[in-house]
Amino acid sequence: MSATLERSLRAFWIVLMVFLYAPLAVVVFFSFNAINSSARFAGFSLRWYERLFSNEAILSALANTAILATTSTVLGVAIGLLLGYGLYRYRHRRLAWLIWLIYLPVIMPDIVFGLSEMTFFVTLDQRFGILSPGLGTMVIAHVTFQVPFVALLVHARLLSLDPQLFEACHDLYASPWQRARFFILPVLTPAIVASLLLALTLSIDDFVISFFTAGPDSTTLPIYIWSAIKKGVTPEVNAIATLMIVGVFLVALSSLVLQRRPDPSDPS
Amino acid sequence: MLKSARDSLHLLAIVAPGALFIVVFLVLPSLYLMGMAFTSTGPSGLPALPFSLQAFRELAGFGFLGWSPGNLYTLLRSVWQTFLATALVILLAYPAAYYIASRPTRWRPLLLLAVVVPSWTNQVIRSVGWMNLFAPGTPISDFAVLIGLTEPRMGLFPSQFAVIVGLVYNFLPFMVLPLYAAFERLDHAQVEAARDLFASPLAVFRHAVFPQTLPGLMAGTVLVAIPAFGMYVVTELLGGGKATMIGNLVARQFADATNWPLGAAGAILMILATVGGLWVLRRLGRRLGGDREVVL
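Small disclaimer: the values here were computed from a predicted structure and weren't measured.

About the cut-offs
- Residues numbered from 1 in each chain as written.
- Chains lettered and ligands numbered in written order.
- Predicted model: local features only at pLDDT ≥ 70, side-chain atom pairs only at ≥ 80, totals over all residues.
- Heavy atoms only, no water.
- Helix = DSSP H or I, 4+ residues; strand = E, 2+ residues; numbered from the N terminus.
- Buried < 20%, exposed > 50% of the residue type's maximum accessible area, 1.4 Å probe, protein only.
- pLDDT = per-residue confidence, 0-100.
- Core = buried A, V, L, I, M, F, W, Y, C linked by side-chain atoms within 4.5 Å.
- Domains from an automatic or database assignment.
- Contact = heavy atoms within 4.5 Å.
- Salt bridge = Lys/Arg side-chain N within 4 Å of Asp/Glu carboxyl O.
- Polar contact = N/O pair within 3.5 Å; in protein donor to acceptor, adjacent residues only side chain to side chain.
- Nonpolar A, V, L, I, M, F, W, Y, C, P; charged D, E, K, R; others polar.
- Pairing = 2+ DSSP bridges.
- UniProt positions renumbered as here; feature names shortened; annotations may be inferred.
- Axes fitted to C-alpha atoms, helices over the stretch in contact; angles between N-to-C directions.
- Parallel < 35°, antiparallel > 145°, perpendicular 65-115°, else oblique.
- Left-handed = near helix turned anticlockwise from the far one by under 90°.
- Buried area = accessible area lost by both parts, 1.4 Å probe.
- Phe/Tyr/Trp six-rings, centres within 6.5 Å; stacked < 30°, edge-to-face > 60°.
- Patch = residues over 30% accessible without salt bridge, like charges linked within 9 Å, V, L, I, M, F, W, Y side chains within 5 Å.
- Areas by Shrake-Rupley, 256 points an atom, 1.4 Å probe, with all protein chains shown as cover.
- Lys, Arg positive; Asp, Glu negative; His and termini not counted.
- Charge placed at Lys NZ, Arg CZ, Asp CG, Glu CD.

*Asks:* What should I look at first to understand the overall build of chain A in this one?
*Replies:* Each helix and strand in chain A was counted, giving eleven helices and zero strands. Listing every helix and strand of chain A by position from the N terminus yields α-α-α-α-α-α-α-α-α-α-α. Viewed in the frame of its principal axes, chain A has a C-alpha envelope of about 70 × 70 × 30 Å. A burial count over chain A gives 47% of its 268 residues as buried.

So, in structure tokens, the structure goes:
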């Protein structure tokens with residue numbers, strides 16, 4: 001590679017990093033501002049954080065976010081894992097239509113997805129009095145978009161394995177339980193860890209679908225931030241956003257650490 | 001016989017929960033929403049019988065006061081803003097993906113993560129970041145005033161410019177990842193051969209690099225253009241009235257029951273546009289790629 005190309009590439013990379021991190025950095029920086037401004041910094045202060053932790057609405061939004069993310073992730077990964085395994089195990093049984101079904105939430109605009117669910121839940125609630133919008137419907141909606149991603153990940157992992165491994169299990173008279181315990185679960189561990197992280201970030205990143213399936217008592221942090229900006233109340237927003245950014249960076253860090261662990265199916 | 005029955009039961013037990021979730025909570029609601037487009041608008045904006053094509057007439061711009069091009073403009077603007085954002089994302093993602101792929105192997109996961117991590121934060125927060133940067137009085141806004149881009153004492157948002165920046169910011173990682181995967185598998189012998197034949201850098205890219213990265217480019221375009229076209233958050237927060245897209249138009253029909261059938265008709269239009277876009281990309285991929293396999 002020529003030196004000029006290498007130098008301009010490096011310069012480009014630095015500009016790109018500034019572009020990617022400046023919006024996040026500015027949020028973190030001004031969350032410590034002594035005054036309510038995102039143009040002038042008037043000294044370090046923790047006042048927005050103090051206001052945050054004495055605000056009941058924000059604390060309940062924090063709790064809702066945590067409940068929604070963990071519940072939907074556990075359910076979404078469990079169900080998606082089964083589906084991904086089923087697609088692989090019974091691939092001779094004409095399950096191609098299911099694969100198409102799985103791609104549906106991947107290509108459907110999330111606003112259409114969210115509005116479909118909203119009208120569906122609202123109608124069910126009005127007609128039959130079931131599934132009234134709230135944390136329950138939000139968990140259902142999140143599981144619905146997590147399952148396809150998890151199933152695709154697990155399916156891809158199983159497809160990358162040597163089919164002879166499955167035959168070897170059979171030849172060694174492994175019971176279905178033993179096969180699951182000593183073969184399938186261990187080789188799927190990296191895919192399961194990746195699925196957990198993916199499902200969790202999908203859930204935390206989602207705003208549109210949560211927004212349209214939420215009820216009056218199930219405000220999450222992004223929804224709280226959204227309505228705060230719409231009302232013109234911004235000072236605490238930077239502080240809440242900073243907490244969420246820190247959370248995401250911790251997840252990113254843990255993923256990096258987890259990925260450094262050796263792959264159990266890798267013989268080397 | 002008995003074994004196959006047990007087998008079927010096993011299949012049902014592991015596939016049914018996931019399939020049921022998708023069918024009951026995604027396919028059924030979407031069909032329900034689409035059906036709504038063929039109803040009349042009731043007194044409070046909710047769907048009512050009889051079935052009619054009224055919503056599609058309204059979507060096309062026919063109202064009480066005759067025809068107006070408002071919805072058509074929104075659709076054209078959505079297509080234009082999606083196109084512009086996708087083109088800019090491609091321009092930024094190519095050097096970024098190449099840079100990562102040309103680093104030592106042990107650095108690559110970290111550099112990839114550096115590109116991806118910002119997209120893991122909630123999209124509302126990402127938009128708040130840009131709102132902070134583009135607010136009136138920030139250095140960026142002051143500079144924009146100085147070069148005459150915006151009025152004094154005004155910020156850089158809401159504007160179409162802010163929307164494009166927001167879209168590029170949101171979707172850049174979705175292009176970098178597939179392009180990086182393509183660059184990592186690049187056959188460098190082809191590049192060397194082109195250089196040995198005294199090809200200009202542009203010709204090397206055109207004949208040796210571009211065809212090899214085409215599958216990644218196509219996959220990335222699908223991952224960027226589809227969600228960009230349906231964008232709601234960025235346009236709502238950074239766009240203001242002059243940069244809204246079809247997703248905002250549709251969503252607005254459902255807020256406080258403004259006009260559900262019209263919104264549903266808009267949703268059908270969005271789905272048709274998405275499928276149409278996928279079809280065009282597929283054709284384009286085949287033409288550009290020649291006999292090369294382009295997976296879409």
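*Asks:* Hey, could you run me through the confidence of the model for chain B in this one?
*Replies:* As a general rule, the predicted coordinates of low-pLDDT regions are not to be interpreted in detail. Chain-level statistics for chain B give a pLDDT mean of 85 and a share of 96% at 70 or above. Interface scoring of the predicted complex returns ipTM 0.87; its pTM is 0.88.

*Asks:* Just checking my understanding: could you explain the nonpolar core for this structure?
*Replies:* Generally speaking, soluble globular proteins have nonpolar side chains that are buried together. Among the nonpolar cores identified, the biggest contains 161 residues, and W13 and I111 of chain A together with V124, Y232 and V233 of chain B are the most heavily contacted of them. When residues in this core are grouped by element, the largest group, 14 residues, is from helix α7 (residues 160-184) of chain B. Shared between two domains, this core holds at least three residues of each, these being domain 1 (22-54 + 224-258) and domain 2 (63-219) of chain A. Those residues in contact with W13 of chain A that sit more than four places away from it in its chain are A96, Y99, I100, L111 and V115 of chain B. Core analysis: the second largest hydrophobic core is formed by seven residues, A252 and L256 of chain A together with V116 and W120 of chain B among them.

*Asks:* What exactly am I supposed to notice about the environment of F32 of chain A here?
*Replies:* Residue and element names in this part refer to chain A. Within the secondary structure, F32 is located in the loop between α1 (3-30) and α2 (47-53). With 177 residues separating them in the primary sequence, F32 and I209 have C-alpha atoms 31 Å apart. Setting aside chain neighbours within four positions, we find F32 in contact with F41, G43, F44, S45, L46 and Y49.

*Asks:* Just to check I follow, could you spell out the interface of chain A and chain B for this structure?
*Replies:* One widely used convention gives an interface's size as the accessible area the parts lose upon coming together. Between chain A and chain B, the contact holds 78 residues from the first and 77 residues from the second. Our count for the chain A to chain B interface comes out at three salt bridges. R126 of chain B is the salt-bridge partner of D205 of chain A, the closest N and O atoms lying 2.5 Å from each other. Across the chain A-chain B interface, the total number found is eleven residue pairs in polar contact (both at pLDDT 80 or more). Ranked by the residues each element gives to the side of chain A that touches chain B, the list is headed by α1 of chain A, at 15 residues. Of the residues belonging to the side of chain A that touches chain B, the class tally is 59 nonpolar, nine polar and ten charged.

*Asks:* What's the story with the pattern of salt bridges in this structure? I'm lost.
*Replies:* For side chains bearing opposite charge, pairing can occur when the charged atoms are close. Scanning all chains against the criterion turns up seven salt bridges over all chains. Linked by salt bridges that have partners in common, E6 and R10 of chain A together with R103 of chain B make up one network.

*Asks:* How should I be thinking about the pairing of strand β2 (residues 47-51) of chain B in this particular structure?
*Replies:* Walk down a regular strand and you will see the side chains alternate between the two sheet faces. Residues and elements named next belong to chain B. Little of β2 is tucked away: zero of the five residues are buried. With three bridges connecting them, strand β1 (residues 39-41) and β2 associate as antiparallel partners. Residue pairing across strands places T41 opposite P47, the latter belonging to β2. If you look at the hairpin formed by β1 and β2, you'll find five residues sitting between the two strands, and G45 has a positive phi there, around 95°.

*Asks:* It is not clear to me how the UniProt feature "transmembrane region" (unreviewed entry) in chain B should be interpreted in this structure. Could you clarify?
*Replies:* All names here are of chain B. The UniProt record annotates "transmembrane region" (unreviewed entry) at residues 12-34, 79-100, 161-183, 217-239 and 260-281. Counted over residues 79-100, helix gives 100% and strand 0%. Its end C-alpha atoms are 31 Å apart. For residues 161-183, the helix share is 100%, the strand share is 0%, and the end-to-end C-alpha distance is 31 Å.

*Asks:* Before we go on, may I ask you to explain the packing of helix α5 (residues 123-134) of chain B against α7 of chain B in this structure?
*Replies:* Two numbers describe a pair of packed helices, the interaxial angle and the distance between the axes. Residues and elements named next belong to chain B. Relative orientation of the contacting elements α5 and α7 amounts to 135°, with a least axis distance of 11 Å. On the basis of the axis angle, α5 is oblique to α7. At the point where α5 passes α7, the crossing takes the right-handed sense. Taken together, the residues of α7 that come into contact with α5 (itself represented by Q123, R126, W130 and F134) are F161, A162, V165, Y169 and N170. In the contact of α5 with α7, the residues fall into six nonpolar, two polar and one charged.

*Asks:* Looking at this structure, how should I read the domain arrangement of chain A?
*Replies:* Residue and element names in this part refer to chain A. Domain annotation of chain A identifies domain 1 (22-54 + 224-258) and domain 2 (63-219). When each unit is reduced to the centre of its C-alpha atoms, the spacing between domain 1 and domain 2 is 31 Å. The partner domain 2 presents eight residues to the seven residues of domain 1 that form the contact. Between domain 1 and domain 2 lies a buried interface of about 600 Å² when both sides are counted; carbon and sulfur atoms form 93% of it.

*Asks:* What am I meant to see in the packing of aromatic side chains here?
*Replies:* Two aromatic rings, taken as a pair, are described by how far apart their centres are and by the angle between their planes. All names here are of chain A. Under the counting rule described, the total for this entry stands at 28 aromatic pairs over all chains. When the centroid spacing of 6.3 Å and the interplanar angle of 90° are considered together, the rings of F113 and F145 count as edge-to-face. Of this pair, F113 sits in helix α5 (residues 110-128) while F145 sits in helix α6 (residues 135-159), and the two are 32 residues apart along the sequence. Residue class for F113 comes out buried when judged on its relative accessible area of 2%. F145 sits in the buried class, given a relative accessible area of 6%.

*Asks:* Would you explain the UniProt feature "transmembrane region" (unreviewed entry) in chain A in this entry?
*Replies:* Residue and element names in this part refer to chain A. Mapped onto this numbering, the UniProt entry annotates "transmembrane region" (unreviewed entry) at residues 12-37, 57-83, 95-115, 135-154, 182-204 and 239-258. Taken end to end, residues 57-83 is 100% helix and 0% strand, and its first and last C-alpha atoms sit 38 Å apart. Annotation note: span residues 135-154, helix share 100%, strand share 0%, distance between end C-alpha atoms 27 Å.

*Asks:* I keep staring at the side chain of T137 of chain A and nothing clicks. Help me out?
*Replies:* Residues and elements named next belong to chain A. Structurally, T137 can be placed in helix α6. Residue T137 is classed as buried on the basis of its relative accessible area of 1%. Here the side chain of T137 touches G134 through a polar contact of 2.8 Å, landing on its backbone oxygen. At a separation of 2.9 Å, a polar atom in the side chain of T137 contacts the main-chain carbonyl oxygen of T213. Excluding residues that lie within four positions of it along the chain, T137 makes contacts with F121, L131, S132 and T213.

*Asks:* Can you walk me through a positive patch on the surface in this structure?
*Replies:* Residue and element names in this part refer to chain B. A cluster of basic side chains, namely R282, R283, R286 and R287, defines a positive patch on the protein surface. Of note, R282 is situated in helix α12 (residues 260-289). Since its relative accessible area comes to 39%, R282 is described here as partly exposed.

*Asks:* For this particular structure, what's the right way to read the UniProt feature "domain: ABC transmembrane type-1" (unreviewed entry) in chain B?
*Replies:* Under the local residue numbering, the UniProt record ascribes the feature "domain: ABC transmembrane type-1" (unreviewed entry) to residues 75-281 of chain B. Helix and strand shares over residues 75-281 of chain B are 75% and 0% respectively, and the end C-alpha atoms of the span are 19 Å apart.

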